[in-house]
Amino acid sequence: VQLVESGGGMVQPGGSLRLSCAASGFTFSSWDMSWVRQAPGKGPEWVSGIKSDGGSTAYADSVKGRFTISRDNAKNTLYLQMNSLKPEDTALYYCARDLPTVSHDYWGQGTQVTVSS
């Protein structure tokens, strides 16, 4: 299993970024997936999740209305569109493969998002 995130960077408050996660080594279309972030000095925070067929999504209250999760099962890729970014969104963002027990078994290496003026 390999998960490789990309698309992070530095952006001003109010800006946008689109993260991608390229998956390989497993049947991507069979697995629910999530984005999880970790800010400096804090624990991991679940951000958003999507069902294997893309038919259902969920968001943390902190990002609801600003972030959109999606997936392209033909391309084995997970996405996170982030709009109206705030300084408190600054974190290392990971994609993760979901387990039925509301946890994750594989994570990528993360992509850094920094929101600062």
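Everything discussed here concerns the structure shown above.
The structure reproduced in this document is the subject of the present report. Counting of residues starts from 1 at the beginning of each chain's written sequence and follows it residue by residue. The predicted origin of the model limits local features to residues at a pLDDT of at least 70 and limits the giving and counting of side-chain atom pairs to 80 or more, whereas totals for whole chains, interfaces and linings rest on all residues. Computation of side-chain values: all heavy atoms of the structure, hydrogens and water removed.

**Regarding the side chain of S20**
In step 1: Helix and strand assignments follow DSSP, with helices taken as H or I runs no shorter than four residues and strands as E runs no shorter than two, numbered in order from the N terminus. The residue S20 is located in strand β3 (residues 17-24) in this model.
In step 2: In this analysis, two residues are considered to be in contact whenever any of their non-hydrogen atoms come within 4.5 Å of each other. Excluding residues that lie within four positions of it along the chain, S20 makes contacts with V4, E5, S6, W35, T77, L78 and Y79.

**Quick notes on the state of the cysteines**
In step 1: Disulfide: a pair of cysteine sulfur atoms within 2.5 Å of each other. Throughout the structure, instances matching the rule amount to one disulfide.
In step 2: Shown here is the disulfide that connects C21 with C95, its sulfur atoms set 2.0 Å apart. Looking along the S-S bond of the C21-C95 disulfide, the torsion reads about 45°, which is the right-handed sense. One end of the pair, C21, is in strand β3; the other, C95, is in strand β9 (residues 91-99), with 74 residues separating them in the sequence. When sorted by exposure, C21 lands in the same class as C95, which is buried. Type-normalised accessible area, obtained with a 1.4 Å probe on protein chains alone, sets the label of each residue: buried when under 20%, exposed when over 50%, and partly exposed for intermediate values.

**Quick notes on the packing of aromatic side chains**
In step 1: Note on aromatic pairs: the rings of Phe, Tyr and Trp (six-membered ring only in Trp) are paired at centre separations within 6.5 Å, and the planes decide the class, stacked below 30 degrees, edge-to-face beyond 60, tilted for the rest. Counted under the stated rule, the structure contains three aromatic pairs.
In step 2: Three or more aromatic residues joined by ring pairs make a cluster, and in this case those are F26, F28 and W31.
In step 3: Between the NZ or CZ atom of R97 and the centre of the ring of F26, over which it lies, the distance is 5.0 Å.
In step 4: By the criterion adopted, a ring carries a charge over it if an Arg CZ or a Lys NZ lies within 6 Å of its centre and within 35 degrees of its normal. The positively charged end of R97 is found above the aromatic ring belonging to W31, 3.5 Å away from the centroid.

**So, the nonpolar core**
In step 1: W35, F67, L78, L80, M82 and Y93 are the most contacted members of the largest nonpolar core, which has 26 residues in total.
In step 2: Elements represented by at least two residues in this core include exactly β3, β4 (33-38), β5 (44-50), β7 (67-72), β8 (77-82), β9 and β11 (111-115).
In step 3: For this core, the leading source of residues is β3, giving four residues.
In step 4: Non-local contacts of F67, meaning those with residues more than four positions away in its chain, are made with R37, V47, Y59, L80, Q81, M82, N83, L85, D89 and Y93. Definition of nonpolar core: a set of buried residues of the types Ala, Val, Leu, Ile, Met, Phe, Trp, Tyr and Cys, connected through side-chain atoms within 4.5 Å.

**Some thoughts on the pattern of salt bridges**
In step 1: By convention in these notes, a salt bridge is any Lys or Arg side-chain nitrogen within 4 Å of a carboxyl oxygen on Asp or Glu. What the rule picks out here adds up to six salt bridges.
In step 2: Note that K64 is salt-bridged to D61, the shortest N-O span being 3.2 Å.
In step 3: Overall, D61 belongs to the exposed group, its relative accessible area being 67%.
In step 4: Here D89 and R66 are joined by a salt bridge, their closest N and O atoms 2.7 Å apart. Of this pair, D89 sits in the loop between β8 and β9 while R66 sits in the loop between β6 (57-59) and β7, and the two are 23 residues apart along the sequence.

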